[in-house]
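# Secondary and tertiary structure notes
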Amino acid sequence: MTAGFLGAASPAAAQDAPLVCLITKTDTNPFFVKMKEGAQAKADEIGVKLQTYAGKIDGDTESQVAAIESCIAGGAKGILITASDTKAIVPSVQQARDAGILVIALDTSLEPINSADATFATDNFAAGELIGQWAKAQLGDKAAEAKIAFLDLIPAQPSVDVLRDQGFMKGFGIDTKNVAVIGDEDDARIAGHDITNGNEEGGRTAMENLLQKEPGINVVYTINEPAAAGAFEALKAAGRDKDTLIVSIDGGCPGIANVKDGVIGATSMQYPLKMAALGVEAVKAFADSGKKPETTSGLDFTNTGVDLVTDKPVDGVTSMTSEEAAKACWG
């Protein structure tokens, strides 16, 4: 096999059931594990065959391209993909669409967004904006003198990375300059950006790097909760864990537990199981009738929801507690 992994077809599916491919960034991040579970459960329920692929690490576009080629050759009716590189994958996605395959981006929109037939995702800009608003309110007057570390995803700046990062800035009150680009801002409160590859080790290393540059960091934005966990370990080792706010995005059960324990001040919860289930349903509808998904009113994608989770609520920002979130978390 040329991709990260290949799952067996649903045993309940008939021989002539439509084939759906799910291609995720990795098969280790709990977010994508839950996405796979949601896709498989829905495939079993409605009678479609599911094959699953993943990159070896976040940023492994080569494996995702190979997976698309396998899906085309295998006669897939639909492809659900969380793209590692939202620009580089577009030519391969176009090949699939030219072959009559419905392509739905999950979680991470392609660039441009209409490179896929549809996008089912968290409103990632809103997710970032929520944690930015919360952090600003928590600091109060001290927000004007904050020193903020940005722990982003990968150098390619996929859309999910840009949207969350820039959403946080808007929520915190930072001029984003070009909202489509990370790192062009000139606000003195920005201590720096570093990449994490969306995992704990990367989060720890990125935090160490930025602390060397600016020891006074007191706010940390992270692309996801594994990166936040790594950042906390670096802050703890530096004796800075008690006086630094960490905010993140995901809603995984380990992340929600970290909110309860005070490791993460606030996180924005997203719903990967719902994304994948809706994607499988959409491919089945397309196979049956040729109908393509519709977008959420006022948006250019289908919004699968986002909620702020914190045990330190602030005025003007709706949130749920970690106890409430634990009933809806994943991973």
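Residues numbered from 1 in each chain as written. Predicted model: local features only at pLDDT ≥ 70, side-chain atom pairs only at ≥ 80, totals over all residues. Heavy atoms only, no water.

## Considerations on the side chain of aspartate 152
Convention followed: The helix and strand labels rest on DSSP assignments: H or I over at least four residues marks a helix, E over at least two residues marks a strand, and numbering proceeds from the N terminus. Note on exposure labels: buried denotes an accessible area under 20% of the residue type's maximum, exposed denotes more than 50%, and partly exposed covers the range between, all computed with a 1.4 Å probe on protein chains only. As used throughout, the charge tally considers Lys and Arg to be positive and Asp and Glu to be negative, leaving His and the chain termini uncounted. For this analysis, a salt bridge means a side-chain nitrogen from Lys or Arg found within 4 Å of a carboxyl oxygen belonging to Asp or Glu. Whenever two N or O atoms come within 3.5 Å, that pair is a polar contact, provided that in protein one can donate a hydrogen and the other can accept it, and provided that, for residues adjacent in sequence, both atoms are side-chain atoms. The criterion used for residue contact is that any of the two residues' heavy atoms lie within 4.5 Å.
Assignment of secondary structure puts aspartate 152 in strand E6 (residues 148-152). No salt bridge is formed by the buried aspartate 152; the nearest opposite charge belongs to arginine 164, separated by 9.6 Å. One polar contact links aspartate 152 to histidine 193, side chain to side chain, over a distance of 2.8 Å. Discounting chain neighbours no more than four positions away, the residues touching aspartate 152 are Asp161, Asp165, Ile182, His193, Asp194, Ile195, Thr196, Asn197, Tyr221 and Ile223.

## So, the packing of aromatic side chains
What counts is decided by this rule: Centres within 6.5 Å are what make two rings of Phe, Tyr or Trp a pair, Trp counting through its six-membered ring; a difference in plane orientation under 30 degrees is then read as stacked, over 60 as edge-to-face, and the rest as tilted.
This model, assessed by the stated rule, comprises six aromatic pairs. When the ring of phenylalanine 31 is compared with that of phenylalanine 32, the centres are 5.4 Å apart and the planes differ by 90°; the resulting orientation is edge-to-face. Pair check on accessibility: phenylalanine 31 and phenylalanine 32 agree, each one buried. A ring pair is formed by phenylalanine 31 and tryptophan 330, whose centres lie 5.2 Å apart and whose planes are at 75°; its orientation type is edge-to-face. On the criterion of sequence distance, the pair formed by phenylalanine 31 in helix H1 (residues 30-46) and tryptophan 330 in the segment after helix H10 (322-325) is long-range, its members being 299 residues apart. Tryptophan 330 matches phenylalanine 31 in its accessibility class, with the two residues each being buried. Within the aromatic cluster, the residues linked to one another by ring pairs are Phe150, Phe168, Phe172 and Tyr221.

## Concerning the state of the cysteines
As a reminder of what qualifies: Sulfur atoms of two cysteines make up a disulfide when they are within 2.5 Å.
On inspection of all chains with the given rule, the structure shows two disulfides. Paired through a disulfide, cysteine 21 and cysteine 71 show a sulfur-sulfur distance of 2.3 Å. For the disulfide bridge between cysteine 21 and cysteine 71, the dihedral angle about the S-S bond is near -120°, and by the sign convention the bridge is left-handed. One end of the pair, cysteine 21, is in strand E1 (residues 19-24); the other, cysteine 71, is in helix H2 (residues 61-73), with 50 residues separating them in the sequence. A relative accessible area of 0% means that cysteine 21 is categorised as buried.

## What about the pattern of salt bridges?
Working definition: two side chains of opposite charge can pair if their charged atoms are close together. Tallied over the entire structure, the rule returns 13 salt bridges. For lysine 42, the salt bridge goes to glutamate 281, with nearest N and O atoms at 3.0 Å. Of this pair, lysine 42 sits in helix H1 while glutamate 281 sits in helix H9 (residues 272-289), and the two are 239 residues apart along the sequence. Note that arginine 189 is salt-bridged to aspartate 187, the shortest N-O span being 3.0 Å. Salt bridges sharing common partners tie together Lys42, Glu45 and Glu281.

## Observations regarding the sheet that holds strand E9 (residues 245-250)
Each strand in a sheet pairs with its neighbour through backbone hydrogen bonds, running either in the same direction (parallel) or in the opposite one (antiparallel). Note the threshold: Here, a strand pair is defined by DSSP locating no fewer than two bridges between the strands. To get an axis, a line is fitted to the C-alpha atoms, and for a helix only the part in contact is used. The angle between two axes follows their N-to-C directions and goes from 0 to 180 degrees.
Taken in spatial order, the six strands make up an open sheet running E7-E6-E8-E9-E10-E12, and their pairing is mixed. The outermost strands of the open sheet, each flanked by one partner alone, are strand E7 (190-195) and strand E12 (307-310). Between one strand axis and the next, the sheet turns through 15° on average, direction left out of account. Here E6 pairs with strand E8 (residues 219-222) via four bridges, running parallel. If you follow isoleucine 148 over to E8, its bridge partner there is valine 219. Most of the contacts of helix H7 (residues 225-237) go to E9, to which it runs at about 160°, and overall it touches E6, E8, E9 and strand E10 (266-269).

## Some words on the sheet that holds E1
Read from one edge to the other, the open sheet built from six strands follows the order E2-E1-E3-E4-E5-E11, with strand pairing classed as parallel. With partners counted over all chains shown, the strands left at the sheet margins are strand E2 (49-54) and strand E11 (302-303), one partner each. Note: strand E4 (residues 102-106) against strand E5 (residues 118-121), three bridges, orientation parallel. Note that in E5 the partner of alanine 105 across the bridge is threonine 119. Relative to the sheet, H2 contacts E1, E2 and strand E3 (78-81), its axis offset from that of E1 by approximately 180°.

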